[in-house]
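Each chain, written out:
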Amino acid sequence: MTASFRPIFSLLLCGLVCAQASAEEPYRSAPDRPVDIERIDLDLSVDLKKKRIAGTATISLKALRDLERFGLDAVDHQISSVSTTGTKAQRLSHDYDGKRLVIERKLKRGERLRFTINYVVEEPEEGLYFFGPSKESPNVPYQVWSQGESLFSRYWFPCVDHPDERQSTSIVARVAKGLTVVSNGAHLGISKGKDGTAIWRFEQKREHVAYLVTLVVGTFATITAKPWRGKVPVTYYVPPDRKDDALRSFGRTHEMMDLFSKLTGVDYPWPKYEQVVVEQFSYGGMENTGATTLNERTLHDERAHLDYSSEGLVAHELAHQWYGDLLTCRDWAHTWLNESFATYFDALWTEHSQGADAYAYELFKNSERGIPAGRSRPIVDRYYPSSDSMFDGRVYPKGSCVLHMLRRQLGETYFWEGIRGYTRALSDKSVESVDLRRSFERVSGRNLERFFHQWTERAGHPVLDVKLARDSRRGYLTVTITQKQRGRPMRSPQSSCSGSGSARSATPSTCEPRASASCSPRARPRLTSDSIRARRCSSKS
(Lines give C-alpha, C1' and ligand atoms only; values in the text may rest on other atoms or scores of the structure.)
Protein backbone atom coordinates (compact mmCIF):
# COMPACT_ATOMS: atom_id res chain seq x y z
CA MET A 1 0.00 0.00 0.00
CA THR A 2 1.21 3.49 -0.78
CA ALA A 3 0.41 5.86 2.07
CA SER A 4 -2.06 8.68 1.63
CA PHE A 5 -4.70 10.16 3.93
CA ARG A 6 -5.25 7.42 6.53
CA PRO A 7 -1.54 6.62 7.10
CA ILE A 8 -0.77 10.35 7.45
CA PHE A 9 -3.44 10.61 10.15
CA SER A 10 -2.05 7.47 11.80
CA LEU A 11 1.44 8.99 11.82
CA LEU A 12 0.16 12.20 13.46
CA LEU A 13 -1.79 10.20 16.02
CA CYS A 14 1.20 7.97 16.69
CA GLY A 15 3.32 11.04 17.30
CA LEU A 16 0.94 12.12 20.06
CA VAL A 17 0.63 8.81 21.85
CA CYS A 18 3.77 6.79 21.01
CA ALA A 19 5.79 7.62 24.10
CA GLN A 20 3.00 6.49 26.41
CA ALA A 21 1.67 3.64 24.23
CA SER A 22 4.96 1.72 24.11
CA ALA A 23 4.66 1.04 27.85
CA GLU A 24 0.93 0.30 27.85
CA GLU A 25 0.28 -1.77 24.73
CA PRO A 26 0.46 -5.57 24.96
CA TYR A 27 3.09 -7.59 23.17
CA ARG A 28 1.97 -8.17 19.57
CA SER A 29 2.43 -11.42 17.67
CA ALA A 30 0.58 -13.61 15.22
CA PRO A 31 -2.46 -15.27 16.88
CA ASP A 32 -2.99 -18.98 17.34
CA ARG A 33 -4.31 -20.82 14.28
CA PRO A 34 -6.77 -23.51 15.38
CA VAL A 35 -7.95 -23.90 11.77
CA ASP A 36 -6.35 -23.45 8.36
CA ILE A 37 -8.68 -21.70 5.92
CA GLU A 38 -7.97 -23.43 2.61
CA ARG A 39 -10.46 -21.69 0.32
CA ILE A 40 -13.15 -18.97 0.29
CA ASP A 41 -15.70 -18.85 -2.55
CA LEU A 42 -17.87 -15.71 -2.69
CA ASP A 43 -21.05 -15.53 -4.77
CA LEU A 44 -22.42 -11.99 -4.42
CA SER A 45 -25.12 -9.84 -5.95
CA VAL A 46 -23.87 -6.25 -5.98
CA ASP A 47 -26.38 -3.39 -5.92
CA LEU A 48 -24.57 -0.06 -6.37
CA LYS A 49 -27.64 2.12 -5.82
CA LYS A 50 -28.69 0.38 -2.61
CA LYS A 51 -25.04 0.10 -1.45
CA ARG A 52 -25.58 -3.55 -0.74
CA ILE A 53 -24.09 -6.97 -1.37
CA ALA A 54 -25.95 -10.21 -0.75
CA GLY A 55 -25.05 -13.83 -1.30
CA THR A 56 -22.93 -16.63 0.09
CA ALA A 57 -19.45 -17.28 1.39
CA THR A 58 -18.48 -20.93 1.09
CA ILE A 59 -15.45 -21.74 3.24
CA SER A 60 -13.25 -24.84 3.26
CA LEU A 61 -10.99 -25.39 6.25
CA LYS A 62 -8.91 -27.96 8.07
CA ALA A 63 -8.63 -28.29 11.85
CA LEU A 64 -5.07 -27.89 13.12
CA ARG A 65 -6.01 -29.29 16.54
CA ASP A 66 -9.00 -30.94 18.19
CA LEU A 67 -11.79 -28.34 18.45
CA GLU A 68 -15.20 -27.81 20.00
CA ARG A 69 -15.78 -24.58 18.01
CA PHE A 70 -13.97 -22.05 15.84
CA GLY A 71 -14.42 -18.39 14.97
CA LEU A 72 -14.40 -16.08 11.94
CA ASP A 73 -14.13 -12.30 11.65
CA ALA A 74 -17.35 -10.77 10.28
CA VAL A 75 -18.39 -7.22 11.14
CA ASP A 76 -22.00 -6.03 10.80
CA HIS A 77 -23.17 -8.91 8.60
CA GLN A 78 -26.83 -9.90 8.42
CA ILE A 79 -26.40 -13.66 8.67
CA SER A 80 -29.43 -15.75 7.77
CA SER A 81 -27.93 -19.25 7.94
CA VAL A 82 -24.77 -21.32 8.33
CA SER A 83 -24.81 -24.87 6.99
CA THR A 84 -22.58 -27.61 5.65
CA THR A 85 -22.47 -28.22 1.91
CA GLY A 86 -23.37 -31.31 -0.07
CA THR A 87 -26.45 -33.50 -0.45
CA LYS A 88 -26.71 -34.02 3.32
CA ALA A 89 -26.35 -30.39 4.29
CA GLN A 90 -26.86 -29.66 7.97
CA ARG A 91 -27.44 -26.42 9.80
CA LEU A 92 -24.52 -25.41 12.00
CA SER A 93 -25.21 -23.89 15.39
CA HIS A 94 -23.51 -20.53 15.73
CA ASP A 95 -23.24 -17.36 17.83
CA TYR A 96 -22.75 -13.93 16.32
CA ASP A 97 -22.15 -10.67 18.22
CA GLY A 98 -21.80 -8.38 15.20
CA LYS A 99 -18.04 -8.77 15.06
CA ARG A 100 -17.21 -12.42 15.54
CA LEU A 101 -19.00 -15.46 14.15
CA VAL A 102 -18.42 -18.52 16.35
CA ILE A 103 -19.49 -21.84 14.83
CA GLU A 104 -20.17 -24.79 17.09
CA ARG A 105 -18.69 -27.87 15.48
CA LYS A 106 -16.44 -30.58 16.90
CA LEU A 107 -13.48 -31.30 14.66
CA LYS A 108 -10.57 -33.68 15.08
CA ARG A 109 -7.10 -32.56 14.16
CA GLY A 110 -6.69 -32.87 10.39
CA GLU A 111 -10.46 -33.08 9.78
CA ARG A 112 -11.85 -30.91 6.99
CA LEU A 113 -15.12 -28.99 6.83
CA ARG A 114 -16.86 -27.13 4.02
CA PHE A 115 -19.76 -24.86 4.89
CA THR A 116 -21.76 -21.94 3.50
CA ILE A 117 -22.75 -18.66 5.14
CA ASN A 118 -25.71 -16.80 3.69
CA TYR A 119 -25.41 -13.12 4.47
CA VAL A 120 -26.09 -9.50 3.51
CA VAL A 121 -23.94 -6.39 4.02
CA GLU A 122 -25.42 -2.91 3.62
CA GLU A 123 -23.43 0.34 3.59
CA PRO A 124 -20.44 -1.14 5.45
CA GLU A 125 -18.46 1.18 7.69
CA GLU A 126 -15.11 0.01 6.29
CA GLY A 127 -13.70 -2.41 3.76
CA LEU A 128 -16.17 -1.84 0.91
CA TYR A 129 -16.92 1.71 -0.26
CA PHE A 130 -19.92 2.68 -2.40
CA PHE A 131 -20.19 5.85 -4.47
CA GLY A 132 -22.92 7.47 -6.51
CA PRO A 133 -24.28 10.86 -7.59
CA SER A 134 -25.88 13.22 -5.10
CA LYS A 135 -27.39 16.69 -5.16
CA GLU A 136 -24.07 18.12 -3.98
CA SER A 137 -21.91 15.94 -6.30
CA PRO A 138 -24.02 15.00 -9.33
CA ASN A 139 -21.04 13.79 -11.41
CA VAL A 140 -19.85 11.07 -9.03
CA PRO A 141 -20.29 7.72 -10.81
CA TYR A 142 -21.95 4.65 -9.34
CA GLN A 143 -19.04 2.52 -8.17
CA VAL A 144 -17.82 0.28 -5.38
CA TRP A 145 -14.29 -0.74 -4.42
CA SER A 146 -12.80 -2.71 -1.56
CA GLN A 147 -9.83 -1.88 0.64
CA GLY A 148 -8.77 -4.71 2.93
CA GLU A 149 -5.50 -3.58 4.50
CA SER A 150 -5.00 -3.79 7.33
CA LEU A 151 -8.03 -5.46 8.93
CA PHE A 152 -11.02 -4.41 6.82
CA SER A 153 -11.96 -7.41 4.67
CA ARG A 154 -14.01 -8.64 7.64
CA TYR A 155 -16.48 -5.84 6.88
CA TRP A 156 -17.62 -7.43 3.62
CA PHE A 157 -17.00 -11.18 3.85
CA PRO A 158 -16.40 -13.69 6.68
CA CYS A 159 -12.75 -14.68 7.01
CA VAL A 160 -9.79 -15.07 9.33
CA ASP A 161 -8.67 -11.49 8.84
CA HIS A 162 -4.99 -11.70 9.69
CA PRO A 163 -1.85 -11.79 7.49
CA ASP A 164 -0.79 -15.19 8.86
CA GLU A 165 -3.77 -16.92 7.15
CA ARG A 166 -3.62 -17.69 3.42
CA GLN A 167 -6.26 -19.26 1.20
CA SER A 168 -7.25 -19.58 -2.44
CA THR A 169 -10.34 -17.58 -3.41
CA SER A 170 -12.99 -17.20 -6.08
CA ILE A 171 -15.54 -14.47 -6.67
CA VAL A 172 -18.79 -14.58 -8.61
CA ALA A 173 -20.11 -11.02 -8.96
CA ARG A 174 -23.66 -10.49 -10.22
CA VAL A 175 -23.95 -6.89 -11.43
CA ALA A 176 -26.10 -4.73 -13.69
CA LYS A 177 -25.46 -5.10 -17.40
CA GLY A 178 -22.82 -2.73 -18.74
CA LEU A 179 -20.73 -2.57 -15.57
CA THR A 180 -17.13 -3.81 -15.34
CA VAL A 181 -15.85 -6.00 -12.50
CA VAL A 182 -12.21 -6.27 -11.39
CA SER A 183 -11.07 -8.93 -8.94
CA ASN A 184 -8.19 -11.27 -8.15
CA GLY A 185 -7.08 -14.20 -10.25
CA ALA A 186 -7.92 -15.50 -13.67
CA HIS A 187 -11.02 -14.06 -15.33
CA LEU A 188 -13.18 -17.10 -16.12
CA GLY A 189 -15.74 -15.28 -18.22
CA ILE A 190 -19.07 -13.44 -18.19
CA SER A 191 -22.49 -15.01 -18.48
CA LYS A 192 -26.04 -13.65 -18.48
CA GLY A 193 -28.28 -14.22 -15.49
CA LYS A 194 -31.99 -14.99 -15.71
CA ASP A 195 -32.80 -11.52 -14.39
CA GLY A 196 -30.64 -9.85 -17.06
CA THR A 197 -27.65 -9.28 -14.81
CA ALA A 198 -24.08 -9.94 -15.92
CA ILE A 199 -22.31 -12.68 -13.96
CA TRP A 200 -18.53 -12.21 -13.74
CA ARG A 201 -16.35 -15.08 -12.50
CA PHE A 202 -12.80 -14.98 -11.11
CA GLU A 203 -10.53 -17.53 -9.45
CA GLN A 204 -7.26 -17.00 -7.60
CA LYS A 205 -5.84 -20.50 -7.18
CA ARG A 206 -2.64 -19.33 -5.54
CA GLU A 207 -3.18 -18.72 -1.84
CA HIS A 208 -3.15 -15.16 -0.53
CA VAL A 209 -4.22 -13.34 2.62
CA ALA A 210 -7.70 -11.93 3.20
CA TYR A 211 -6.71 -8.27 3.08
CA LEU A 212 -5.56 -8.73 -0.54
CA VAL A 213 -8.97 -9.89 -1.80
CA THR A 214 -10.43 -7.19 -4.04
CA LEU A 215 -13.75 -6.30 -5.64
CA VAL A 216 -14.24 -3.28 -7.90
CA VAL A 217 -17.47 -2.62 -9.83
CA GLY A 218 -18.09 0.41 -12.03
CA THR A 219 -17.90 1.91 -15.50
CA PHE A 220 -14.36 2.06 -16.90
CA ALA A 221 -12.42 2.45 -20.10
CA THR A 222 -10.38 -0.71 -20.65
CA ILE A 223 -6.86 -0.62 -22.13
CA THR A 224 -5.53 -4.06 -23.01
CA ALA A 225 -1.73 -4.07 -23.21
CA LYS A 226 0.33 -6.83 -24.75
CA PRO A 227 0.72 -9.86 -22.45
CA TRP A 228 3.89 -9.85 -20.36
CA ARG A 229 6.31 -12.32 -21.93
CA GLY A 230 3.45 -13.40 -24.14
CA LYS A 231 1.55 -15.20 -21.38
CA VAL A 232 0.48 -12.89 -18.51
CA PRO A 233 -2.46 -10.58 -19.40
CA VAL A 234 -1.83 -6.91 -18.57
CA THR A 235 -4.82 -4.54 -18.43
CA TYR A 236 -5.50 -0.99 -17.28
CA TYR A 237 -8.94 0.30 -16.18
CA VAL A 238 -9.49 4.06 -15.94
CA PRO A 239 -12.45 6.47 -15.84
CA PRO A 240 -13.99 6.68 -19.33
CA ASP A 241 -12.86 10.28 -19.88
CA ARG A 242 -9.22 9.51 -18.91
CA LYS A 243 -8.39 6.79 -21.42
CA ASP A 244 -5.86 8.99 -23.25
CA ASP A 245 -3.93 9.54 -20.01
CA ALA A 246 -3.50 5.89 -19.02
CA LEU A 247 -0.25 5.06 -20.80
CA ARG A 248 1.53 8.07 -19.30
CA SER A 249 1.16 6.34 -15.94
CA PHE A 250 1.28 2.66 -16.86
CA GLY A 251 3.30 2.54 -20.07
CA ARG A 252 6.46 1.13 -18.46
CA THR A 253 4.76 -1.62 -16.46
CA HIS A 254 6.28 -4.39 -18.61
CA GLU A 255 9.81 -3.07 -18.07
CA MET A 256 9.20 -3.02 -14.32
CA MET A 257 7.92 -6.59 -14.38
CA ASP A 258 11.09 -7.62 -16.23
CA LEU A 259 13.37 -5.82 -13.77
CA PHE A 260 11.70 -7.07 -10.61
CA SER A 261 11.56 -10.65 -11.91
CA LYS A 262 15.31 -10.46 -12.52
CA LEU A 263 16.19 -8.86 -9.18
CA THR A 264 14.02 -11.18 -7.07
CA GLY A 265 14.90 -14.35 -8.96
CA VAL A 266 11.17 -15.16 -9.17
CA ASP A 267 9.06 -14.39 -12.24
CA TYR A 268 5.98 -12.25 -11.73
CA PRO A 269 3.89 -14.72 -9.68
CA TRP A 270 0.19 -14.07 -10.47
CA PRO A 271 -1.93 -15.12 -13.47
CA LYS A 272 -2.54 -11.51 -14.61
CA TYR A 273 -1.68 -7.93 -13.72
CA GLU A 274 -4.37 -5.28 -13.73
CA GLN A 275 -4.29 -1.67 -12.54
CA VAL A 276 -7.62 0.05 -11.89
CA VAL A 277 -8.09 3.76 -11.12
CA VAL A 278 -11.15 4.26 -8.92
CA GLU A 279 -13.28 7.05 -7.49
CA GLN A 280 -11.92 8.87 -4.40
CA PHE A 281 -9.49 6.13 -3.37
CA SER A 282 -8.18 7.07 0.07
CA TYR A 283 -4.61 5.85 -0.48
CA GLY A 284 -2.08 6.21 -3.27
CA GLY A 285 -2.47 2.58 -4.25
CA MET A 286 -3.20 -0.91 -2.92
CA GLU A 287 -1.45 -4.06 -4.10
CA ASN A 288 -4.28 -6.63 -4.23
CA THR A 289 -2.91 -9.80 -5.80
CA GLY A 290 -2.81 -9.33 -9.56
CA ALA A 291 -5.18 -6.32 -9.41
CA THR A 292 -3.79 -3.08 -7.97
CA THR A 293 -6.22 -0.30 -7.04
CA LEU A 294 -5.05 3.29 -7.57
CA ASN A 295 -6.07 6.85 -6.79
CA GLU A 296 -7.20 9.06 -9.67
CA ARG A 297 -4.23 11.36 -9.03
CA THR A 298 -2.17 8.60 -10.64
CA LEU A 299 -3.36 9.91 -14.03
CA HIS A 300 -1.87 13.08 -15.54
CA ASP A 301 -2.70 15.10 -18.60
CA GLU A 302 0.09 16.14 -20.97
CA ARG A 303 0.89 19.34 -19.10
CA ALA A 304 0.90 17.80 -15.62
CA HIS A 305 3.06 14.93 -16.85
CA LEU A 306 5.89 17.38 -17.49
CA ASP A 307 6.12 17.94 -13.73
CA TYR A 308 4.83 14.73 -12.18
CA SER A 309 5.45 11.04 -12.77
CA SER A 310 3.51 8.05 -11.47
CA GLU A 311 6.35 5.61 -12.12
CA GLY A 312 7.33 5.51 -8.45
CA LEU A 313 3.79 4.64 -7.38
CA VAL A 314 3.37 2.06 -10.14
CA ALA A 315 6.73 0.48 -9.23
CA HIS A 316 5.89 0.45 -5.52
CA GLU A 317 2.60 -1.38 -5.99
CA LEU A 318 4.09 -3.79 -8.51
CA ALA A 319 6.94 -4.65 -6.13
CA HIS A 320 4.30 -5.58 -3.55
CA GLN A 321 3.19 -8.41 -5.84
CA TRP A 322 6.30 -10.14 -4.51
CA TYR A 323 6.79 -8.48 -1.10
CA GLY A 324 3.47 -8.31 0.69
CA ASP A 325 1.58 -10.65 -1.65
CA LEU A 326 3.82 -13.63 -2.51
CA LEU A 327 5.60 -13.25 0.84
CA THR A 328 3.49 -11.60 3.55
CA CYS A 329 4.51 -10.33 6.98
CA ARG A 330 3.38 -12.82 9.61
CA ASP A 331 2.20 -10.04 11.90
CA TRP A 332 1.95 -6.26 11.51
CA ALA A 333 5.02 -5.93 13.75
CA HIS A 334 6.97 -6.98 10.63
CA THR A 335 5.15 -4.66 8.21
CA TRP A 336 8.50 -3.41 6.91
CA LEU A 337 8.96 -6.73 5.07
CA ASN A 338 6.07 -5.52 2.88
CA GLU A 339 6.46 -1.74 2.76
CA SER A 340 10.22 -1.20 3.04
CA PHE A 341 10.78 -3.62 0.18
CA ALA A 342 8.20 -1.91 -2.02
CA THR A 343 9.71 1.50 -1.23
CA TYR A 344 13.23 0.23 -1.93
CA PHE A 345 12.22 -1.41 -5.19
CA ASP A 346 10.69 1.91 -6.23
CA ALA A 347 14.21 3.34 -5.73
CA LEU A 348 15.73 0.42 -7.64
CA TRP A 349 13.46 1.26 -10.56
CA THR A 350 14.78 4.82 -10.36
CA GLU A 351 18.35 3.45 -10.39
CA HIS A 352 17.54 1.36 -13.46
CA SER A 353 15.61 4.01 -15.38
CA GLN A 354 17.42 7.24 -14.38
CA GLY A 355 20.85 6.22 -13.10
CA ALA A 356 22.91 6.13 -9.92
CA ASP A 357 22.64 9.84 -9.11
CA ALA A 358 18.83 9.81 -9.18
CA TYR A 359 18.86 6.65 -7.04
CA ALA A 360 21.18 8.28 -4.49
CA TYR A 361 18.99 11.37 -4.34
CA GLU A 362 15.86 9.29 -3.79
CA LEU A 363 17.53 7.43 -0.91
CA PHE A 364 18.67 10.76 0.51
CA LYS A 365 15.06 12.00 0.49
CA ASN A 366 13.97 8.72 2.10
CA SER A 367 16.51 9.21 4.88
CA GLU A 368 15.27 12.75 5.53
CA ARG A 369 11.75 11.39 6.07
CA GLY A 370 12.74 8.16 7.76
CA ILE A 371 15.03 9.57 10.46
CA PRO A 372 12.37 11.65 12.27
CA ALA A 373 9.72 8.95 11.77
CA GLY A 374 11.89 6.35 13.52
CA ARG A 375 13.05 8.56 16.35
CA SER A 376 10.75 7.20 19.07
CA ARG A 377 9.70 3.73 17.88
CA PRO A 378 11.53 0.91 16.08
CA ILE A 379 10.81 -0.48 12.63
CA VAL A 380 9.93 -3.88 14.10
CA ASP A 381 7.46 -2.79 16.76
CA ARG A 382 6.08 -5.50 19.04
CA TYR A 383 3.93 -3.02 21.00
CA TYR A 384 2.11 -1.11 18.27
CA PRO A 385 -1.13 0.63 19.33
CA SER A 386 -3.05 -0.64 16.27
CA SER A 387 -2.23 -2.36 13.01
CA ASP A 388 -2.83 0.86 11.07
CA SER A 389 -0.30 2.71 13.24
CA MET A 390 2.48 0.61 11.67
CA PHE A 391 2.06 2.30 8.28
CA ASP A 392 4.31 5.30 8.81
CA GLY A 393 7.76 6.57 7.89
CA ARG A 394 9.52 3.78 9.78
CA VAL A 395 8.36 1.06 7.42
CA TYR A 396 8.39 3.12 4.22
CA PRO A 397 11.45 5.43 3.89
CA LYS A 398 13.51 4.36 6.94
CA GLY A 399 13.22 0.67 6.14
CA SER A 400 14.24 1.31 2.53
CA CYS A 401 17.42 2.97 3.84
CA VAL A 402 18.16 -0.05 6.02
CA LEU A 403 17.98 -2.28 2.94
CA HIS A 404 20.28 0.16 1.12
CA MET A 405 22.81 -0.05 4.00
CA LEU A 406 22.71 -3.84 3.83
CA ARG A 407 23.36 -3.72 0.09
CA ARG A 408 26.37 -1.44 0.56
CA GLN A 409 27.80 -3.46 3.44
CA LEU A 410 27.31 -6.92 1.97
CA GLY A 411 28.14 -5.96 -1.61
CA GLU A 412 26.18 -6.71 -4.76
CA THR A 413 26.84 -10.45 -4.87
CA TYR A 414 25.89 -11.34 -1.31
CA PHE A 415 23.00 -8.89 -1.13
CA TRP A 416 21.25 -10.15 -4.25
CA GLU A 417 21.98 -13.80 -3.45
CA GLY A 418 20.34 -13.18 -0.07
CA ILE A 419 17.31 -11.45 -1.60
CA ARG A 420 16.79 -14.21 -4.18
CA GLY A 421 17.24 -16.97 -1.62
CA TYR A 422 14.76 -15.30 0.72
CA THR A 423 12.19 -14.80 -2.04
CA ARG A 424 12.44 -18.29 -3.51
CA ALA A 425 12.50 -20.17 -0.22
CA LEU A 426 9.60 -18.30 1.38
CA SER A 427 7.22 -17.78 -1.53
CA ASP A 428 3.59 -18.41 -0.48
CA LYS A 429 4.54 -18.13 3.19
CA SER A 430 4.30 -15.77 6.14
CA VAL A 431 7.63 -14.15 7.01
CA GLU A 432 9.32 -12.52 9.97
CA SER A 433 12.42 -10.34 10.08
CA VAL A 434 14.60 -13.21 11.25
CA ASP A 435 13.86 -15.04 7.97
CA LEU A 436 15.43 -12.20 6.00
CA ARG A 437 18.42 -11.96 8.33
CA ARG A 438 19.19 -15.66 8.13
CA SER A 439 19.02 -15.59 4.35
CA PHE A 440 21.70 -12.90 4.26
CA GLU A 441 23.76 -14.75 6.87
CA ARG A 442 23.66 -18.01 4.89
CA VAL A 443 25.11 -16.47 1.75
CA SER A 444 27.57 -14.02 3.36
CA GLY A 445 28.93 -16.00 6.31
CA ARG A 446 28.40 -12.96 8.54
CA ASN A 447 26.50 -12.63 11.78
CA LEU A 448 24.00 -9.83 11.16
CA GLU A 449 22.14 -10.09 14.46
CA ARG A 450 23.59 -6.81 15.78
CA PHE A 451 22.83 -4.98 12.54
CA PHE A 452 19.18 -6.12 12.50
CA HIS A 453 18.77 -5.44 16.21
CA GLN A 454 20.19 -1.93 15.94
CA TRP A 455 18.44 -0.81 12.80
CA THR A 456 15.09 -2.62 13.00
CA GLU A 457 14.48 -3.37 16.70
CA ARG A 458 15.81 -0.15 18.23
CA ALA A 459 14.36 3.29 17.80
CA GLY A 460 16.48 6.23 16.77
CA HIS A 461 19.83 6.55 15.01
CA PRO A 462 23.38 7.64 15.85
CA VAL A 463 23.72 11.40 16.33
CA LEU A 464 27.42 12.11 15.87
CA ASP A 465 29.56 15.05 16.85
CA VAL A 466 32.81 14.86 14.85
CA LYS A 467 35.77 17.06 15.83
CA LEU A 468 39.26 17.45 14.38
CA ALA A 469 42.16 18.60 16.57
CA ARG A 470 45.74 19.17 15.38
CA ASP A 471 48.66 18.61 17.78
CA SER A 472 51.30 20.86 16.20
CA ARG A 473 53.97 19.87 18.74
CA ARG A 474 53.72 16.12 18.04
CA GLY A 475 52.49 16.43 14.47
CA TYR A 476 49.30 14.40 14.78
CA LEU A 477 45.70 15.01 13.77
CA THR A 478 43.11 13.58 16.16
CA VAL A 479 39.59 12.68 15.01
CA THR A 480 37.05 12.40 17.85
CA ILE A 481 33.52 11.06 17.37
CA THR A 482 30.99 11.51 20.16
CA GLN A 483 27.53 9.95 20.07
CA LYS A 484 24.93 12.44 21.29
CA GLN A 485 21.72 10.42 21.10
CA ARG A 486 20.02 9.12 24.22
CA GLY A 487 20.35 5.52 25.33
CA ARG A 488 23.04 2.98 24.62
CA PRO A 489 25.66 3.83 22.01
CA MET A 490 25.09 2.42 18.54
CA ARG A 491 27.52 0.93 16.07
CA SER A 492 28.24 3.86 13.81
CA PRO A 493 30.87 5.15 11.37
CA GLN A 494 34.32 5.05 12.93
CA SER A 495 37.44 7.11 12.58
CA SER A 496 40.50 5.64 10.91
CA CYS A 497 43.47 6.75 8.85
CA SER A 498 44.61 6.19 5.30
CA GLY A 499 47.39 7.47 3.11
CA SER A 500 51.16 7.40 3.51
CA GLY A 501 51.11 7.94 7.25
CA SER A 502 50.28 5.49 9.99
CA ALA A 503 47.76 5.65 12.83
CA ARG A 504 49.20 6.40 16.23
CA SER A 505 46.55 4.26 17.93
CA ALA A 506 44.39 1.37 16.88
CA THR A 507 40.93 2.28 15.62
CA PRO A 508 38.68 2.38 18.71
CA SER A 509 35.43 0.53 19.16
CA THR A 510 32.63 2.65 17.76
CA CYS A 511 30.01 1.35 20.15
CA GLU A 512 31.66 3.55 22.78
CA PRO A 513 29.88 6.86 23.38
CA ARG A 514 33.17 8.61 22.54
CA ALA A 515 35.93 7.34 20.27
CA SER A 516 39.03 8.88 18.74
CA ALA A 517 42.01 8.05 16.56
CA SER A 518 45.20 9.99 15.90
CA CYS A 519 46.78 10.12 12.47
CA SER A 520 50.02 11.24 10.93
CA PRO A 521 49.55 14.59 9.16
CA ARG A 522 50.35 12.82 5.90
CA ALA A 523 47.39 10.41 6.37
CA ARG A 524 43.85 11.25 5.38
CA PRO A 525 41.23 10.76 8.13
CA ARG A 526 38.06 9.07 6.95
CA LEU A 527 34.87 7.55 8.27
CA THR A 528 34.29 3.87 7.62
CA SER A 529 31.56 1.51 8.70
CA ASP A 530 32.45 -0.50 11.76
CA SER A 531 29.79 -3.00 10.80
CA ILE A 532 32.02 -4.19 7.95
CA ARG A 533 34.86 -4.92 10.38
CA ALA A 534 32.47 -6.53 12.89
CA ARG A 535 34.46 -5.32 15.90
CA ARG A 536 33.38 -6.19 19.41
CA CYS A 537 31.44 -3.36 21.03
CA SER A 538 31.09 -2.19 24.59
CA SER A 539 27.57 -2.25 26.01
CA LYS A 540 28.11 0.61 28.42
CA SER A 541 26.10 3.77 27.91
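Residues numbered from 1 in each chain as written. Predicted model: local features only at pLDDT ≥ 70, side-chain atom pairs only at ≥ 80, totals over all residues. Heavy atoms only, no water.

**Student:** Let's hear about the pairing of strand E8 (residues 128–131): which residues, and what values?
**Tutor:** Side chains Leu128 and Phe130 project from E8 onto one buried face, and the interleaved Tyr129 and Phe131 project onto a second face that is buried too. Two strands pair when backbone bridges link them, and E8 and strand E9 (residues 143–146) are joined in this way by four bridges, in the antiparallel orientation. Its bridge partner being in E9, Leu128 is matched across the sheet by Ser146. (Buried < 20%, exposed > 50% of the residue type's maximum accessible area, 1.4 Å probe, protein only. Helix = DSSP H or I, 4+ residues; strand = E, 2+ residues; numbered from the N terminus. Pairing = 2+ DSSP bridges.)

**Student:** Got a sec to walk through the packing of aromatic side chains? Specific residues and values, please.
**Tutor:** Per the counting criterion, the structure on display carries 29 aromatic pairs. Measuring from ring centre to ring centre gives 6.3 Å for Trp228 and Tyr268, while their planes differ by 75°; the resulting arrangement is edge-to-face. With Trp228 in strand E15 (residues 221–228) and Tyr268 in the loop between helix H3 (253–264) and strand E17 (273–277), this pair connects stretches of sequence that are 40 residues apart. Both residues of the pair, Trp228 and Tyr268, belong to the buried class. On the basis of an interplanar angle of 65° and a centroid distance of 6.3 Å, the ring pair of Trp336 and Phe452 is categorised as edge-to-face. You can see Trp336 sitting in helix H6 (residues 336–354) and its partner Phe452 sitting in helix H10 (residues 449–457), a full 116 residues away along the chain. By the burial criterion, Trp336 is buried, and Phe452 matches it. (Phe/Tyr/Trp six-rings, centres within 6.5 Å; stacked < 30°, edge-to-face > 60°.)

**Student:** Describe the confidence of the model for the chain, and please don't skip the residues or the numbers.
**Tutor:** The pLDDT averaged across the chain works out to 90; a share of 88% of its residues lies at or above 70. Confidence drops under pLDDT 50 across residues 5–22; counting only partners more than four residues distant or on other chains, this segment forms 24 contacts. This model gives residues 498–509 a pLDDT under 50, and the stretch forms 32 contacts once residues within four places in sequence are excluded. (pLDDT = per-residue confidence, 0-100. Contact = heavy atoms within 4.5 Å.)

**Student:** Any chance you could break down unusual backbone geometry for me, citing the residues and the numbers?
**Tutor:** For the peptide bond that leads from Glu149 to Ser150, omega is 10°, which places it in the cis range. Mapped onto the elements, Ser150 comes out in the loop between E9 and strand E10 (166–175). Phi angles above zero are rare outside glycine, and Asp76 is one such case at about 55°. Among the secondary structure elements, Asp76 is positioned in the loop between strand E3 (67–73) and strand E4 (78–84). Given the relative accessible area of 48%, Asp76 is considered partly exposed. Its identity is not glycine, yet Gln280 carries a phi of approximately 55°, on the positive side. With respect to the helices and strands, the residue Gln280 is situated in the loop between E17 and strand E18 (285–286).

**Student:** Give a description of the sheet that holds strand E5 (residues 94–96) that names residues and reports values.
**Tutor:** Note on sheets: strands pair through backbone hydrogen bonds, and any given pair is parallel or antiparallel. Sheet architecture is open: three strands sit in the order E3-E6-E5, paired in antiparallel fashion. Either end of the sheet is taken by a strand with one partner, and the two such strands are E3 and E5. Shown here is a sheet whose adjacent strand axes are inclined to one another by a mean of 20°, direction ignored. With three bridges connecting them, E5 and strand E6 (residues 100–107) associate as antiparallel partners. Opposite Asp95, over in E6, you have Val102 as the bridge partner. (Axes fitted to C-alpha atoms, helices over the stretch in contact; angles between N-to-C directions.)

**Student:** Describe the side chain of Arg377, naming the residues involved and giving the relevant values.
**Tutor:** Position of Arg377 relative to the elements: it lies in the loop between helix H7 (356–373) and helix H8 (394–425). A polar contact of 2.6 Å, which involves the side chain of Arg377, links it to the side chain of Asp381. Within the structure, the side chain of Arg377 is placed 2.7 Å from the backbone oxygen of Tyr383, a separation counted as a polar contact. (Polar contact = N/O pair within 3.5 Å; in protein donor to acceptor, adjacent residues only side chain to side chain.)

**Student:** With reference to specific residues and values, describe the pattern of salt bridges.
**Tutor:** Tallied over the full model, the rule gives 33 salt bridges. Close ionic contact of Arg114 with Asp41 constitutes a salt bridge, the shortest N to O distance being 3.5 Å. Of this pair, Arg114 sits in strand E7 (residues 112–122) while Asp41 sits in strand E1 (residues 35–47); the two residues are 73 residues apart in sequence, bridging distant segments of the chain. One salt-bridge network, in which partners are shared between bridges, spans Arg39, Asp41, Arg114 and Glu203. (Salt bridge = Lys/Arg side-chain N within 4 Å of Asp/Glu carboxyl O.)

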